[in-house]
Amino acid sequence: MNFRFTLWSSALLLFMLLLDVTIISGKRSTATMHINEFMPNPESGNEWVELYNPNPFDVDLSGWTLHDNTTEGNHTAIDAGVIVPAHSLLVISLTSAMLNNSSADAVQLLDLDGYVVSYRGYDRTTKGASYACIPDGSDDCGFEGLPTAGMWNQAQAPTTISPEETVTAIATATLIPSPTETTPTNTATVLPTSTPYPQGLIINEFMPAPEQGSEWVELYNSASTSAIISGWLIDDGSGGQSPYVLPEGSYIEPGGFLVVELSSNILNNSGDVVQLLRPD
Ligand SMILES: [Ca+2]
Ligand SMILES: [Ca+2]
Ligand SMILES: [Ca+2]
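The rules behind each value
Residues numbered from 1 in each chain as written. Chains lettered and ligands numbered in written order. Predicted model: local features only at pLDDT ≥ 70, side-chain atom pairs only at ≥ 80, totals over all residues. Pairing = 2+ DSSP bridges. Helix = DSSP H or I, 4+ residues; strand = E, 2+ residues; numbered from the N terminus. Buried ≥ 20, exposed ≤ 12 C-beta atoms within 10 Å, placed from the backbone. Axes fitted to C-alpha atoms, helices over the stretch in contact; angles between N-to-C directions. Core = buried A, V, L, I, M, F, W, Y, C linked by C-beta atoms within 7 Å. Domains from an automatic or database assignment. Contact = placed C-beta atoms within 7 Å. pLDDT = per-residue confidence, 0-100.

Side note on the pairing of strand S8 (residues 105-110)
Okay, step 1: Both strand S4 (residues 65-67) and S8 contribute to a ladder of 3 bridges, which runs antiparallel. When the sheet's bridge partners are listed, His67 is paired in S8 with Gln108.
Okay, step 2: Sheet topology places S8 next to strand S9 (residues 116-122); 6 bridges connect them, and they run antiparallel. The partner of Asp105 across the bridge, within S9, is Tyr122.
Okay, step 3: Turn length for the S8-S9 hairpin, with the two strands adjacent in sequence and antiparallel, is 5 residues, and the turn residue Gly114 shows positive phi of about 85°.

Structure (structure tokens):
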């Protein structure tokens, strides 16, 4: 009798657990998205948060929000239509400073329903140092190394990307001639049949007159291959200022975006143009 009761109550408990799991998974419909890196105490410009979409599909962040350790106060709402492409990074510049510099705080990403999709806490900051997860998307995070907004924290794509895509990216890199190999006198005649420079790069959005922080330019790679853009230049129309040179290791995933914060203001507020120039 006693044995039977134990069996029955065990079965009931199992049933309740299953029911509970079903209810929880029914509430949770949002895709996985990682806070992959963030800058709580920037040298200049806005605080920013880098998000990583590990899924093999694009994720729409319309109406998602970024908060500090409390979801009650200051936060950044992500604009409608903002999408993180599959296996890609996206950098969100926070609309107001909310991440504490000298005491513990956290960054939280909430979906449209207010569900906490990703949470990273920290104890302290160092000016100009980012809190980064290495490998990308892992929970092994801390303040280390140089900030890599919009680029992989580990200098290479995480293993969720298929080997073929990784091979493509490396192959593209080896195709770029070093500047010393280029002789200006015969560039016209030695142009290869298919140019080694990435195609399909678009200046998608830019901020010539920010209310605070640095000017920035958002680039979009419309091609189906990764675009390696180390050494490319962002310039204005007048040629008065030195152009901004994209640092070594800059690249954009296929269909991905890269927000470039300009280190000095080069875009005239009274009217100007933005140009993206190849290194040659
Ligand atoms: Ca705070
Ligand atoms: Ca701060
Ligand atoms: Ca990064």
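Quick look at the sheet that holds strand S19 (residues 275-277)
Two modes of strand pairing occur in sheets, parallel and antiparallel, and in both the strands are linked by backbone hydrogen bonds.
Okay, step 1: Ordered in space as S16-S15-S19, the 3 strands form an open sheet in which the pairing is antiparallel. In the strand order of this sheet, the two ends are held by strand S16 (244-245) and S19, each with one partner.
Okay, step 2: Direction of pairing for strand S15 (residues 233-235) relative to S19: antiparallel, over a ladder of 3 bridges. Each bridged residue has a counterpart across the sheet, and for Asp235 the counterpart in S19 is Gln275.

Comments concerning unusual backbone geometry
With the exception of glycine, most residues fall at negative phi, and the peptide bonds are largely trans.
Okay, step 1: A cis amide bond links Ile134 with the next residue in sequence, Pro135, at an omega value of 0°.
Okay, step 2: Examined against the element boundaries, Pro135 turns out to sit in the loop between strand S10 (131-133) and strand S11 (141-143).
Okay, step 3: Not every positive phi belongs to a glycine, and His87 is a case in point at roughly 55°.
Okay, step 4: On the secondary structure map, His87 appears in the loop between strand S6 (83-84) and strand S7 (88-93).
Okay, step 5: Judged by local crowding, His87 falls into the buried class, with 23 C-beta atoms found within 10 Å.

Section: the sheet that holds S7
Okay, step 1: Strands sit in the order S7-S2-S1-S10-S11 across an open sheet of 5 strands; the sheet is antiparallel. Single-partner strands in this sheet number two, and they are S7 and S11. In this sheet, neighbouring strand axes are inclined to one another by 25° on average, regardless of whether the strands run parallel or antiparallel.
Okay, step 2: Bridge count for strand S1 (residues 34-39) against strand S2 (residues 48-53) is 5 bridges, and the pairing is antiparallel.

Looking at the nonpolar core
Okay, step 1: Formed by 46 residues in total, the largest nonpolar core has its most connected members in Trp48, Val49, Leu51, Ile92, Leu109 and Val260.
Okay, step 2: Per-domain counts for this core show at least three residues from each of domain 1 (34-143) and domain 2 (163-277).
Okay, step 3: Every residue in contact with Trp48, bar those within four places of it in the chain, is listed here: Phe38, Met39, Val91, Ile92, Ser93, Leu94 and Ala149.

Concerning the environment of Ile78
Okay, step 1: Tracing the sequence through the fold places Ile78 in the loop between strand S5 (75-77) and S6.
Okay, step 2: Taking the C-alpha atoms as reference, Ile78 lies 5.4 Å from Gly63; in sequence the two are 15 residues apart.

Section: the confidence of the model for the protein chain
Okay, step 1: In this model, the protein chain carries an average pLDDT of 78, and 75% of its residues clear a pLDDT of 70 or more.
Okay, step 2: A low-confidence stretch, residues 161-195 stays under pLDDT 50, and its non-local contacts, those more than four residues away or across chains, total 19 contacts.

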